[in-house]
Amino acid sequence: GPLEEMSLPLFFGWFLLSSVQDKVRCTSMDFLKTLDTLEAFKKHLSDFTGKAEKEVDLEQYFQAKGTLHCTTKFCDYGKAPGAKQYTQNTAVKELYGSAFELSLSALFVTPRTVGARVSLTEEQLLLWPADPEEEAGSTSLPRGSRAHITLGCAEHVEPVQTGLDLLEILTLQQEGQQGEPIEEMELGSLTYYGEGRWLLTLREPICTPACFSSFYG
Ligand code: ACK
């Protein structure tokens, strides 16, 4: 098929429709704005600034990174391990170009990144590569744990960091760290995991249409 004849993309993933991108960005901005004003956040401000007395404007602190998407396979134009095998996967070939509904179940913030956790369905897991969790050193988390949407990165931070930050929080949870419950917000419950790691578990997941496709850049 045509997919084999083309050179490989930078990555495959689900791309949010532009109309919902704005909605998700707004939700994320509102969350950052609220987080910024919380006493609990101010108490741990030095996680972000390195200095206790400095202020931080989270909306300025994070920079948006291109179109909103959930990466499935990072191919690096074929240079990444397993890139070619991924394109030969039946589900990848058959579902290329189809529409999906992604469920965003949490928002998270660290001094490096802000992102949304994506909870994948069984069908969506067919498009998930074999090993992205293991590649990141998280061997005991369920497949799909790394699925996320990068909403912003701090200066000099690459978007690959967002998935690693998510895995770090999920690993703490798996090790039995409950985190420090902070408060019930309109969107859900906010928990602090130390070292500037904040997780907002959404009361109602955000469902958003997305197209499974690839990005060449
Ligand atoms: O925000 P992301 O998921 O993190 O989307 C971008 C996309 O590929 C283009 O850069 C992701 N990405 C970059 N490097 C890697 C990597 N080594 N493993 C997995 N995902 C990666 C990045």
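Residues numbered from 1 in each chain as written. Predicted model: local features only at pLDDT ≥ 70, side-chain atom pairs only at ≥ 80, totals over all residues. Heavy atoms only, no water.

### Some thoughts on helix H10 (residues 160–174)
- The end-to-end C-alpha distance of H10, which contains 15 residues, comes to 22 Å, matching closely the 21 Å that a straight helix rising 1.5 Å per residue would cover.
- On its buried face, H10 is in contact with strand S3 (99–109), strand S4 (113–119), helix H9 (132–135), strand S5 (148–153) and strand S8 (198–215).
- Once H10 ends, the next one or two residues include Gly176, with phi positive near 95°. (Helix = DSSP H or I, 4+ residues; strand = E, 2+ residues; numbered from the N terminus. Expected span 1.5 Å × (residues − 1). Contact = heavy atoms within 4.5 Å.)

### Concerning the nonpolar core
- Ranked by size, the top nonpolar core spans 48 residues in total, and within it Trp14, Leu35, Phe41, Val109, Leu127 and Ile149 carry the most contacts.
- Element by element, the count of residues in this core is highest for S8, at six residues.
- Residue contacts for Phe41: discarding those within four places in its chain leaves Leu35, Asp36, Phe48, Val56, Leu58 and Trp198.
- With ten residues, the next largest nonpolar core counts Leu166, Leu167, Leu170 and Tyr193 among its residues. (Core = buried A, V, L, I, M, F, W, Y, C linked by side-chain atoms within 4.5 Å. Buried < 20%, exposed > 50% of the residue type's maximum accessible area, 1.4 Å probe, protein only.)

### Observations regarding the site of the ligand
- Around the ligand, the neighbouring residues are Phe11, His69, Thr71, Phe74, Arg146, His148, Thr150, Pro159 and Val160.
- Thr150 is positioned such that a nitrogen or oxygen atom in its side chain is 2.4 Å from an oxygen atom of the ligand.
- Protein coverage of the free-state accessible area of the ligand, which is 450 Å², stands at 76%.
- When contributions to the shell around the ligand are tallied by element, the ones reaching two or more residues are strand S2 (69–74) and S5.
- Classifying every residue of the shell around the ligand by side-chain character gives four nonpolar, four polar and one charged. (Near = heavy atom within 4 Å. Polar contact = N/O pair within 3.5 Å; in protein donor to acceptor, adjacent residues only side chain to side chain. Areas by Shrake-Rupley, 256 points an atom, 1.4 Å probe, with all protein chains shown as cover. Nonpolar A, V, L, I, M, F, W, Y, C, P; charged D, E, K, R; others polar.)

### Some points on the environment of Glu123
- Relative to the helices and strands, Glu123 resides in helix H8 (residues 122–125).
- Of the residues examined, Glu123 reaches a relative accessible area of 43% and is grouped as partly exposed.
- In this structure the C-alpha to C-alpha distance between Glu123 and Ala91, which are 32 residues apart in sequence, comes to 9.1 Å.

### Some points on unusual backbone geometry
- One non-glycine residue, Asp76, lies in positive phi territory at about 50°.
- Assignment of secondary structure puts Asp76 in the loop between S2 and helix H6 (83–88).
- With relative accessibility at 24%, the residue Asp76 sits in the partly exposed group.
- Despite not being glycine, Tyr77 has its phi angle at roughly 55°, a positive value.
- In this fold, Tyr77 is placed in the loop between S2 and H6.

### A word on the pattern of salt bridges
- Taken as a whole and assessed by the stated rule, the structure comprises six salt bridges.
- Salt-bridge contacts for Arg112 lead to Asp165; the nearest nitrogen and oxygen are separated by 3.0 Å. With a gap of 53 residues between them, Arg112 in the loop between S3 and S4 and Asp165 in helix H10 connect regions that are remote in the sequence.
- Assessed through its relative accessible area of 25%, Arg112 is described here as partly exposed. (Salt bridge = Lys/Arg side-chain N within 4 Å of Asp/Glu carboxyl O.)

### Let's talk about the pairing of strand S1 (residues 11–16)
- Within S1, six of the six residues are buried, which leaves the element mostly enclosed by the surrounding structure.
- The pairing of S1 with S2 spans four bridges and is classified as antiparallel. The residue of S2 that forms the bridge with Trp14 is Cys70.
- Where S1 and S8 come together, six bridges link them in antiparallel fashion. The residue bridging Phe11 from the neighbouring strand is Phe215, located in S8. (Pairing = 2+ DSSP bridges.)

### A short note on the packing of aromatic side chains
- For the coordinates displayed, the defined rule picks out 13 aromatic pairs.
- Ring geometry for Trp14 versus Phe100: centroids 5.9 Å apart, planes at 70°, classification edge-to-face. Of this pair, Trp14 sits in strand S1 while Phe100 is found in strand S3, placing the two residues 86 residues apart along the sequence. Taken individually, Trp14 and Phe100 each receive the classification buried, so the pair is uniform in this respect.
- Residues Trp14 and Phe212 carry aromatic rings whose centres are separated by 6.1 Å and whose planes lie at 55° to one another, so their mutual orientation is tilted. Linking Trp14 in strand S1 with Phe212 in strand S8, this pair joins segments that are 198 residues apart in sequence. (Phe/Tyr/Trp six-rings, centres within 6.5 Å; stacked < 30°, edge-to-face > 60°.)

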